[in-house]
6 protein chains.
Amino acid sequence: MKKIDKGIGKSALQLVLANSDEIEEAETHMKDSDFIYCLGKTGSMELQKVVSAIETAAKRNAVIDEELYREMHALYHAILEALEGVTRGQVSLGDVMRTVGLRFSVVRGRPYENEAEGEWIAVALYGTIGAPIRGLEHETTGLGINHI
Amino acid sequence: MKKIDKGIGKSALQLVLANSDEIEEAETHMKDSDFIYCLGKTGSMELQKVVSAIETAAKRNAVIDEELYREMHALYHAILEALEGVTRGQVSLGDVMRTVGLRFSVVRGRPYENEAEGEWIAVALYGTIGAPIRGLEHETTGLGINHI
Amino acid sequence: MKKIDKGIGKSALQLVLANSDEIEEAETHMKDSDFIYCLGKTGSMELQKVVSAIETAAKRNAVIDEELYREMHALYHAILEALEGVTRGQVSLGDVMRTVGLRFSVVRGRPYENEAEGEWIAVALYGTIGAPIRGLEHETTGLGINHI
Amino acid sequence: MKKIDKGIGKSALQLVLANSDEIEEAETHMKDSDFIYCLGKTGSMELQKVVSAIETAAKRNAVIDEELYREMHALYHAILEALEGVTRGQVSLGDVMRTVGLRFSVVRGRPYENEAEGEWIAVALYGTIGAPIRGLEHETTGLGINHI
Amino acid sequence: MKKIDKGIGKSALQLVLANSDEIEEAETHMKDSDFIYCLGKTGSMELQKVVSAIETAAKRNAVIDEELYREMHALYHAILEALEGVTRGQVSLGDVMRTVGLRFSVVRGRPYENEAEGEWIAVALYGTIGAPIRGLEHETTGLGINHI
Amino acid sequence: MKKIDKGIGKSALQLVLANSDEIEEAETHMKDSDFIYCLGKTGSMELQKVVSAIETAAKRNAVIDEELYREMHALYHAILEALEGVTRGQVSLGDVMRTVGLRFSVVRGRPYENEAEGEWIAVALYGTIGAPIRGLEHETTGLGINHI
Ligand SMILES: [Mg+2]
Ligand SMILES: [Mg+2]
Ligand SMILES: [Mg+2]
Ligand SMILES: [Mg+2]
Ligand SMILES: [Mg+2]
Ligand SMILES: [Mg+2]
């Protein structure tokens, strides 16, 4: 049994919360851990584009294997759960006249000491949500976690 | 117009994400800012107790004025929005056989440069959610923001 | 084909919105129409008691026939739809630390000119929702309509 | 402390419920009160257009100040809450093959005797919802209330 | 009072679950019963097309009378309830980057022994839901029942 | 690559739909497949008891390993998804004055030809939902599927 330094969810959240000064340290910390991850940005009034941007980044960075449905399924539900936190009630954006600008991270690894618990995935989102007018927005966050 | 150092939501999230080594720095940072805040813990299978613990802490620490309904209303909706992120789909705990152990923060202040935007409130939650059996749980987070 | 004076939903809403001066006129108006109705009050932190109070009043006043499931089913879904308007997001009260004080009406009749459209039912709710502390509350309403 | 004649929510509802005979009286009543308001109509299968029509009317009639995000935020959440009552379950229209024809009102003022409670906003909706075929529709209503 | 052989919901489900070997038997069974029904297929990322395909089939096969709103209303709510089972949380498809391939059945008849319970309608759905990439999908089902 | 005879979801649904004449054949069919499963009944106004009955049966029949959170997590989310189909809108029972009588099945196995897709779990529910009065109820179903 290994010692778990920090949760997979907290790791994912700290990546999206890090500002430009902190991001290097956060990334170094991740590289020293057993977690693999990717980090990106997306902004849209179309929820579909947000889902797609996260899926594409996770595939391109080999955080998940796009050939395996079980991995895509695990990621997909983690994304949807993170979007519940971002949208807080109705998982929709443009339909209810709002837009998001988000940083996202996808982290994969073994967060439990018991090796048999296997791999899990965390999707963290942080950014702004609001009217499609600059400045009419407030912060928002979301975290989805799934076994993979 | 003052310079805003960090968002009210990010500040609230960093308070609940801080571990025992980091909390002192996080609290010092808050005390240097113009934000007021409180920090606490709550754990229950009853959502009602979670809502109540946050409301009570915010009142006792004078983050909100319990005599004014507009302040209680702002806090209440921020709590509910944060719980959407924690519960991701159905705002219920024991009814669907799950329990939470959460750290919470409530932060109040002026997050926009334009003074006319007035005061806002952020409620951040971070902890675990899962079956009512120790260890059968994963991380969860939520953030609610409202004008006050 | 008869001339429909006023919608069944509007009739139900006006009954719950009428103050003590207006209620007599509203009831007279209903008695002159082809609609049958009942009117009542309920207040609780338990949603179950709200549902039950409306069902009981509708049975006792013979607005619906409790022996027929199709009538109870029509009423039940109309109540649930009205509660969506009252609770606006999560159909729960005490679980999320809030309480309601409501006037309710159940109206039954033929709101469409075409007789073949048969009977419909409307459930209207109006009152207050808020913290379980007097005064910390605002108004709320809901309307559910179903064929019977 | 002033005497509150009628709730801000009831005032908003009565404006959208008034028929052509009653509207003049309802508007006169509003003008005699301390509330400011606007009134309009919107019909669409696109929820976005409904939200937009209400926001635009509230801005143009100076019921809210579009320069201030706190005001737009208060209005936005009141609109969403009102739409929960209209849609009763899933805040969507065309996606689930239905359309609305609605009258809306936005009322702003001080509904509590205690002046410190400040200004609040009410959004009321009343009209029809149904299939995109004339006549295949029933009434619907919604009310959202927020501090401003 | 007649003897009810099988529930209207179970009948509807068995029609959509039947494979090519079983469908003839299932249809024969339906023709021997007092239920009328239709059966079809639909696949889309647009929920609107799914709703529309079911409504159109039910009209064309005279399972419901499209001239009567009460029948269309009964069918519509049964479809929406069935879609809750298919989508499990947010009634949306393409907006959250997923697609469905479904068989559907609409069954109409008298499922209760008491003749006064009248006619009811059942909508059953069975098929796959998943990413818009062949194979990245799992099974899904839904059942909606309403009085007509 | 093996030939998949029938989906894991369809298998789970047919187990709960089988009447007393059909259950033996359905169970024989399952025993000939590579799927493992359990079957049970539960009835309650408390959703918690429904969740608990399914979890307990799955553990006792060794369909899942209760020592592993990843297995419990997979099962839990499959149960919640199945309950969305049963409750169709608000995942609650007694709170909205209704009760269920359900048969449930939990099926585990490899439903995809590609062995790398690994094991999946299906939870199927079928029975009645309605008022807590005998006979005032209609059929309901739900299916949840997850990778394990
Ligand atoms: Mg989970
Ligand atoms: Mg907001
Ligand atoms: Mg309807
Ligand atoms: Mg409120
Ligand atoms: Mg029903
Ligand atoms: Mg899935």
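An unreviewed UniProt entry lists chain A under the name Hut operon positive regulatory protein, from Aquisalibacillus elongatus. Database annotation for chain A, UniProt heading Subunit (unreviewed entry): "Homohexamer."

This paragraph deals with the overall build of chain A. Of regular secondary structure, chain A possesses four helices and four strands. Shown N-terminal to C-terminal, the secondary structure of chain A runs as helices and strands in the order α-α-β-α-α-β-β-β. Against the globule reference of 15 Å for 148 residues, chain A gives a C-alpha radius of gyration of 15 Å, in line with a compact fold. For chain A, the spread of C-alpha atoms along the three principal axes comes to 50 × 35 × 25 Å. A buried classification covers 65% of the 148 residues belonging to chain A. Long-range pairs, those at least 24 residues apart, make up 66% of the contacts in chain A between residues at least 6 apart in sequence. Carbon and sulfur atoms make up 46% of the accessible area of chain A, which amounts to about 5,500 Å² in all. Distance from the positive charge centre (16 side chains) to the negative charge centre (23 side chains) of chain A: 3 Å.

To continue, consider the coordination of the magnesium ion (ligand 5). Protein ligation of the magnesium ion (ligand 5) involves His-73 of chain C (NE2), His-77 of chain C (NE2) and His-138 of chain F (NE2), the donor distances falling in the range 2.1 to 2.2 Å. With His-73 of chain C and His-77 of chain C both in helix α4 (residues 69-87) and four residues apart, the pair spans about one turn of that helix. Pair check on accessibility: His-73 of chain C and His-77 of chain C agree, each one buried.

What follows deals with the coordination of the magnesium ion (ligand 6). Around the magnesium ion (ligand 6), the donor atoms from the protein are His-73 of chain A (NE2), His-77 of chain A (NE2) and His-138 of chain E (NE2), and they sit 2.1 to 2.2 Å away. Of this pair, His-73 of chain A sits in helix α4 (residues 69-87) while His-138 of chain E is found in strand β4 (residues 137-147), placing the two residues in two different chains. His-138 of chain E carries the same exposure label as His-73 of chain A, and that label is buried.

Bringing the pairing of strand β4 (residues 137-147) of chain B into the picture now. Within β4 of chain B, 10 of the 11 residues are buried, leaving the element largely enclosed by the surrounding structure. A loop of six residues connects strand β3 (residues 120-130) of chain B with β4 of chain B, the two strands running antiparallel in sequence, and Gly-135 of chain B in this loop sits at a positive phi of about 100°.

Inspection of the entire model under this criterion finds 18 aromatic pairs over all chains. Centre to centre, the rings of Tyr-112 of chain B and Tyr-69 of chain D are 5.8 Å apart; their planes meet at 70°, and the pair counts as edge-to-face. Here Tyr-112 of chain B, found in the loop between β2 (99-109) and β3, pairs with Tyr-69 of chain D, found in helix α4 (residues 69-87), and the two come from separate chains. Each member of the pair, Tyr-112 of chain B as well as Tyr-69 of chain D, carries the same accessibility label: buried. With a centroid separation of 5.3 Å and an interplanar angle of 15°, the aromatic rings of Tyr-69 of chain C and Trp-120 of chain E are classed as stacked. Here Trp-120 of chain E lies in strand β3 (residues 120-130) and Tyr-69 of chain C lies in helix α4, a pairing that spans two chains.

All names here are of chain A. By the burial criterion, the buried members of helix α2 (residues 23-32) are Ile-23, Ala-26 and Met-30. An end-on view of α2 places all buried positions within 65° of arc, on one side of the element. Seen from the buried face of α2, the exposed residues on the opposite side, beyond 90 degrees, are Glu-24, Glu-25, Lys-31 and Asp-32. Those residues of α2 that are buried are in contact with α1 (8-17), β1 (36-44) and β2 (99-109).

What follows deals with the interface of chain A and chain B. The extent of an interface is frequently quoted as the accessible surface area lost upon association of the parts. Counting residues at the interface gives 27 residues for chain A and 27 residues for chain B. Of the roughly 2,200 Å² buried between chain A and chain B, counting both surfaces, carbon and sulfur atoms make up 57%. The tally of links between chain A and chain B comes to two salt bridges. At the level of secondary structure, the elements contributing two or more residues to the side of chain A that touches chain B comprise α1, α4, β3 (120-130) and β4 (137-147) of chain A. Tallying contributions element by element places β4 of chain A first for the side of chain A that touches chain B, with eight residues.

Attention now moves to the sheet that holds strand β3 (residues 120-130) of chain F. Residue and element names in this part refer to chain F. Strand order in the open sheet formed by four strands is β1-β2-β3-β4, with antiparallel pairing between adjacent strands. Unpaired on one side and paired on the other, β1 (36-44) and β4 (137-147) mark the two borders of the sheet. Taking each pair of neighbouring strands and ignoring which way they run, the sheet shows an average axis angle of 15°. Relative to the sheet, helix α2 (residues 23-32) contacts β1 and β2 (99-109), its axis offset from that of β1 by approximately 140°. This element, helix α4 (residues 69-87), spans β2, β3 and β4 of the sheet and lies at about 150° to β4.

Moving on, we come to the sheet that holds strand β1 (residues 36-44) of chain C. Residue and element names in this part refer to chain C. Taken in spatial order, the four strands make up an open sheet running β1-β2-β3-β4, and their pairing is antiparallel. Edge strands, defined here as strands with exactly one partner in the open sheet, are β1 and β4 (137-147). Averaged over all pairs of adjacent strands, the angle between their axes in this sheet comes to 15°, without regard to strand direction. As defined by bridge partners, β1 adjoins strand β2 (residues 99-109) across nine bridges and the pair is classed as antiparallel. Across the sheet, the residue bridging to Gly-40 is Phe-104, located in β2.

What follows concerns the interface of chain F and chain E. Listed by partner, the interface residues are 27 residues for chain F and 27 residues for chain E. For the pair chain F and chain E, the summed buried surface comes to about 2,100 Å²; carbon and sulfur atoms form 58% of the total. There are two salt bridges connecting chain F and chain E. A salt bridge links Arg-88 of chain F to Glu-81 of chain E; the nearest nitrogen and oxygen atoms lie 2.6 Å apart.

Conventions we followed
Residues numbered from 1 in each chain as written. Chains lettered and ligands numbered in written order. Predicted model: local features only at pLDDT ≥ 70, side-chain atom pairs only at ≥ 80, totals over all residues. Heavy atoms only, no water. UniProt positions renumbered as here; feature names shortened; annotations may be inferred. Helix = DSSP H or I, 4+ residues; strand = E, 2+ residues; numbered from the N terminus. Rg over C-alpha atoms; globule rule 2.2 N^0.38 Å. Buried < 20%, exposed > 50% of the residue type's maximum accessible area, 1.4 Å probe, protein only. Contact = heavy atoms within 4.5 Å. Areas by Shrake-Rupley, 256 points an atom, 1.4 Å probe, with all protein chains shown as cover. Lys, Arg positive; Asp, Glu negative; His and termini not counted. Charge placed at Lys NZ, Arg CZ, Asp CG, Glu CD. Donors = N, O, S within 2.8 Å, 3.2 Å for Na, K, Ca; no water. Pairing = 2+ DSSP bridges. Phe/Tyr/Trp six-rings, centres within 6.5 Å; stacked < 30°, edge-to-face > 60°. Arc of directions from axis to C-beta. Buried area = accessible area lost by both parts, 1.4 Å probe. Salt bridge = Lys/Arg side-chain N within 4 Å of Asp/Glu carboxyl O. Axes fitted to C-alpha atoms, helices over the stretch in contact; angles between N-to-C directions.

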